[in-house]
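Observations on chain architecture
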Amino acid sequence: MSVTKLGKFAVIGLSAAWLAGCSTTASDSDTSAMQTEGAETSSTDSTYAAGEDGSLNSVIVDDQAAAQTSADLLAGVATVFYFDFDKSVVRPEAREALAKHAQFLMENPSARIVLEGHADERGTREYNMALGERRAKAIMRYLTIQGVPAAQIETVSFGEEVPVAFGHDNSSWQLNRRVEVRYE
Amino acid sequence: MKRNIVFALLVACLVAAIPARAQLVIEITSGSDQLLPIAVVPFGYSGASPLPEDIAGIVDADLQRSGVFETIPRANMLSLPSTSENVFYRDWRLLKADYVLVGNVANNGNGTYRVSYELLNVLTQARVGKREALDVKPSNFRDAAHFISDKVYEQLTGIRGAFSTRILYVTAEGSKSAPTYKLQVADADGYRPQVIVSSKEPILSPSWSRDGRKIAYVMFRNRRPSIFIQELATGKQQQLTQFRGLNGAPAWSPDGSKLALVLSKDNNPEIYTLDIATRQLERMTNHYSIDTEPSWEPDGKGIIFTSDRGGNPQIYRLDVRTKNVERVTFEGELNTRARLTPDGRYLVTVQKNDGNYHVALQDMNTGRVQVLTETYLDESPSIAPNGSMVMYATSDKGKGILSVVSVDGLVKYRLPSADGDVREPAWSPYFN
């Protein structure tokens, strides 16, 4: 029984959960009365990289019980990590949960995560995009130091665009300064 | 004299868009005490069928919020002349009007109306400029009114009017946890809003090309940001970038050939330029700090941008040719998202002082800084193409609204929306 296969099973389970959880925020872009001239995604730059597309759909799972053990590793483990104002330092209380994500990712080399960074509403929007990314990269750095290959991790920033708390006070701002770990 | 070409052009810009529900409404919140008194007399009309718009009323509202004029209320007018021959100057001296605008509308019978107007100086009892006439379709009455406002403004201030311009902005409507984001375009007075793009994922950073024909913006798709450009007349949309990490803050170069933008594909946020025709990408900054929010100088020789390379975010200037960087702002805890006035004289930033974010104006010649706004969480300042006013986004009772302040800080008005958050205004250039 290979660890890889276990990992893939666990990833499928998590992906399904995430898809269910995210169904209301799924992409639903509507360019009203517009003709989209294809995605002329291009650049002369050689380091261009498209986003990961899910390559997990055709995985064959052969050991349900053992897979459950692997998935258990992340049961109840935090997937949201908070930051201080204008800071991107990983807080001490995040370490235990991040260590478990790291262990899982190392045991499951085919697993992929997206670290989604967010900022609170104060400050300008594009600067907050950069700040959200800095936070996501701080989490990424923490994971890669634990030994997770960088290729398993993608960072994306949403800046202040997707708050989870809607007040205009310290408690809301605290909840919005975060990085969410999303398994793809 | 016919001016149909102007209106045809404006209408062409609208074809691809669809009407939006919520219109922005103007509320004037503060005015200057040194305003030029002008009476905009209701235009004469003897036709049987009602007119589509009150042209004089629109001109009155334009001039009233311009920061230059104070209009005489209609209710106070002693007479309602529609041509200079019928004006009794004594009536207007009594009302302390320095200028009077009179006009009339006649049905041409071919689906158009002839709108004639004259601007009169009460002191000299003479016409300012010529008597002008426009042939206007019913659907272009608002355009005709803004055109007249532009003419009056220019005649009396020597500065080109910006009433015929438009604004881009983003709204977030519906539930707060899963809103619908809409990129919209409207007249500069908030009327005639139309949705350009609608999405369940965030849209931000709209920006105009210098000729006003194209726009650029950031839109998320599948939870990742990309930069798009779009032709307003045809709706033709192109995805320009989809790099790993940030794809943000697109800003059109003055000659229209390039976008300055922010990418983090080489690790941290850096300013790049992208040649739109050749897709050639050029890295402009190289620093481990955050470099973002690029904006071109009017002559295209420099790019101003935000960087926290000095510890706190401040504004820097990048020489496009040499790539040398120099710091521009020194006052305030931080300065972000700078824009220059079209003459390059003033720099508008979002400045933080004592925890508050306000729009500040820095004189590039003297270095003097003035904080222009006193609202809450002010951001995204955008300058009118004549340099007279700054539109920005602010928060009022937990709701995002647009607000406008004159560059001297004296005149302020707001454009709240009936529903949803409004944010990120981008004031268009002139269209001709």
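Since we're looking at a predicted model, the values are computed, not measured.

So, the nonpolar core
All names here are of chain B.
- I229, L240, L259 and L261 are the most contacted members of the largest nonpolar core, which has 36 residues in total.
- The element best represented in this core is strand β17 (residues 258–263), accounting for five residues.
- Apart from the residues within four sequence positions on either side, L259 is in contact with A216, I227, I229, L240, P250, A251, W252, Y272, T273, L274, I276 and W296.
- V105, Y117, A144 and F163 belong to the second largest nonpolar core, which has 28 residues in total.

Here we look at the domain arrangement of chain B
Residue and element names in this part refer to chain B.
- Domains assigned within chain B are domain 1 (31–157) and domain 2 (166–427).
- Each of domain 1 and domain 2 has a C-alpha centre, and these two points are 35 Å apart.
- In this complex, domain 1 contributes 11 residues to the contact, which on the side of domain 2 involves 11 residues.
- Counting each side, the surface lost to burial between domain 1 and domain 2 is near 920 Å², with a carbon and sulfur contribution of 49%.
- Taken together, domain 1 and domain 2 are joined by two salt bridges.
- Here D189 makes a salt bridge to R142, at a shortest N to O gap of 3.1 Å.
- At the junction of domain 1 and domain 2, the tally comes to four residue pairs in polar contact (both at pLDDT 80 or more).
- Residue contributions to the side of domain 1 that touches domain 2 peak at four residues, all from helix α4 (residues 141–157).
- Across the side of domain 1 that touches domain 2, the residue classes break down as one nonpolar, six polar and four charged.

Re the pairing of strand β2 (residues 113–118) of chain A
Residues and elements named next belong to chain A.
- Most of β2 is tucked away, with six of its six residues classed as buried.
- Neither face of β2 is open: one carries I113, L115 and G117, the other V114, E116 and H118, and all of them are buried.
- In the sheet, β2 pairs with strand β3 (residues 153–159) via six bridges, with the strands oriented parallel. Opposite H118, over in β3, you have G159 as the bridge partner.
- Handedness of the β2-helix α4 (residues 125–145)-β3 crossover: right-handed.

Digging into empty space enclosed by the protein
Residues and elements named next belong to chain B.
- Applying the stated criterion to the full structure yields eight cavities of 30 Å³ or more.
- Of the volumes computed, that of the largest cavity is approximately 110 Å³.
- Across the lining of the largest cavity, the residue classes break down as eight nonpolar, three polar and one charged.
- Counting contributing residues, the lining of the largest cavity receives three or more from each of domain 1 (31–157) and domain 2 (166–427).

Focus: the packing of aromatic side chains
- Under the criterion given, the structure shown has nine aromatic pairs over all chains.
- With 5.3 Å between their ring centres and 90 degrees between their planes, Y113(B) and F141(B) make a pair best called edge-to-face. Of the two residues, Y113(B) sits in strand β7 (residues 113–121) while F141(B) sits in helix α4, which places them 28 residues apart along the sequence.
- Through a chain of ring-to-ring contacts, the aromatic side chains of Y45(B), Y113(B) and F141(B) assemble into a single cluster.
- Above the face of the W173(A) ring, R122(A) is positioned so that its terminal group lies 3.9 Å from the ring centre.
- Positioned over the ring face of F243(B) is K265(B), at 5.7 Å from the centre of the ring.

Considering a nonpolar patch on the surface
- On the surface, Y82(A), V164(A) and L175(A) cluster together to form a nonpolar patch covering roughly 240 Å² of accessible area.
- Mapped onto the elements of the fold, V164(A) is located in the loop between β3 and α5 (170–176).

Considering the environment of I72(B)
Residue and element names in this part refer to chain B.
- By the secondary structure assignment, I72 is in the loop between β5 (69–71) and α3 (89–94).
- By relative accessible area, I72 is classed as buried at 9%.
- Sequence-distant contacts of I72, defined by excluding residues within four places in its chain, comprise I38, A39, D60, M77, L95 and A97.

Some words on the pattern of salt bridges
- Here the structure, examined in full by the defined rule, presents 40 salt bridges over all chains.
- For E93(A), the salt bridge goes to R91(A), with nearest N and O atoms at 3.8 Å.
- A relative accessible area of 58% means that E93(A) is categorised as exposed.
- Looking at R91(A), the relative accessible area reads 17%, which means it is buried.
- Here E173(B) ties to K182(B) by a salt bridge, and the two come within 2.9 Å at their closest N and O atoms. This pair shows no difference in class: E173(B) is buried, exactly as K182(B) is.
- One network of salt bridges, with partners in common, ties together E116(A), E154(A), R182(A), E184(A), R223(B) and R224(B).

What counts and what doesn't
Along every chain, residues carry numbers that run from 1 in the direction the sequence is written. To label them, take the chains in the order written and letter them from A, then take the ligands in the order written and number them from 1. In keeping with the predicted nature of the model, local features appear solely for residues at pLDDT of at least 70, side-chain atom pairs appear and are counted solely at 80 or more, and the whole-chain, interface and lining totals rest on all residues. Side-chain descriptors were evaluated using all non-hydrogen atoms of the structure, hydrogens and water having been removed beforehand. The set of buried Ala, Val, Leu, Ile, Met, Phe, Trp, Tyr and Cys residues whose side-chain atoms join them within 4.5 Å is what this entry labels a nonpolar core. Only protein chains enter the accessibility calculation, which uses a 1.4 Å probe. A residue is then buried if its area is under 20% of the maximum for its type, exposed if over 50%, and partly exposed in between. The way it works is that DSSP assigns letters per residue, a run of H or I at least four long becomes a helix, a run of E at least two long becomes a strand, and they are numbered from the N terminus. Contacts between residues were defined by any pair of non-hydrogen atoms, one from each residue, lying within 4.5 Å. These domain boundaries are the output of an automatic or database domain assignment. Here the quantity called buried area is the total loss of accessible area, with a 1.4 Å probe, experienced by two parts when brought into contact, counted for both. Here, a salt bridge means any side-chain nitrogen of Lys or Arg that lies within 4 Å of a carboxyl oxygen of Asp or Glu. The term polar contact refers here to a pair of N or O atoms within 3.5 Å; inside protein, the definition further demands a hydrogen-donor-capable atom paired with an acceptor-capable atom, and it admits residues adjacent in sequence only when both atoms are side-chain atoms. Following the grouping adopted for this structure description, the nonpolar residues are Ala, Val, Leu, Ile, Met, Phe, Trp, Tyr, Cys and Pro, the charged ones are Asp, Glu, Lys and Arg, and the polar ones are all others, Gly among them. Any two strands with at least two DSSP-identified bridges between them are counted as paired. Handedness of a crossover is defined as follows: with both strands directed away from the viewer, a clockwise route from the first strand across the helix to the second makes it right-handed. Both site types are read off a 1 Å grid over the protein atoms alone. A 1.4 Å probe that fits but cannot get out defines a cavity, while an open set with protein on both sides within 12 Å along at least five of seven lines defines a pocket; lining residues have an atom within 4 Å of a point. Grid points are joined across faces, edges and corners, and a volume is the space filled by probe spheres set on the points. The rule is short: rings of Phe, Tyr and Trp, with Trp giving its six-membered ring, pair when the centres are within 6.5 Å, and they are stacked under 30 degrees, edge-to-face over 60, tilted in between. By the criterion adopted, a ring carries a charge over it if an Arg CZ or a Lys NZ lies within 6 Å of its centre and within 35 degrees of its normal. Patch membership needs two things, relative accessible area over 30% and no salt bridge, and members are linked within 9 Å if like-charged or within 5 Å if nonpolar (Val, Leu, Ile, Met, Phe, Trp, Tyr). Per-residue and other accessible areas were derived by the Shrake-Rupley procedure at a 1.4 Å probe size, with only the shown protein chains allowed to occlude residues.

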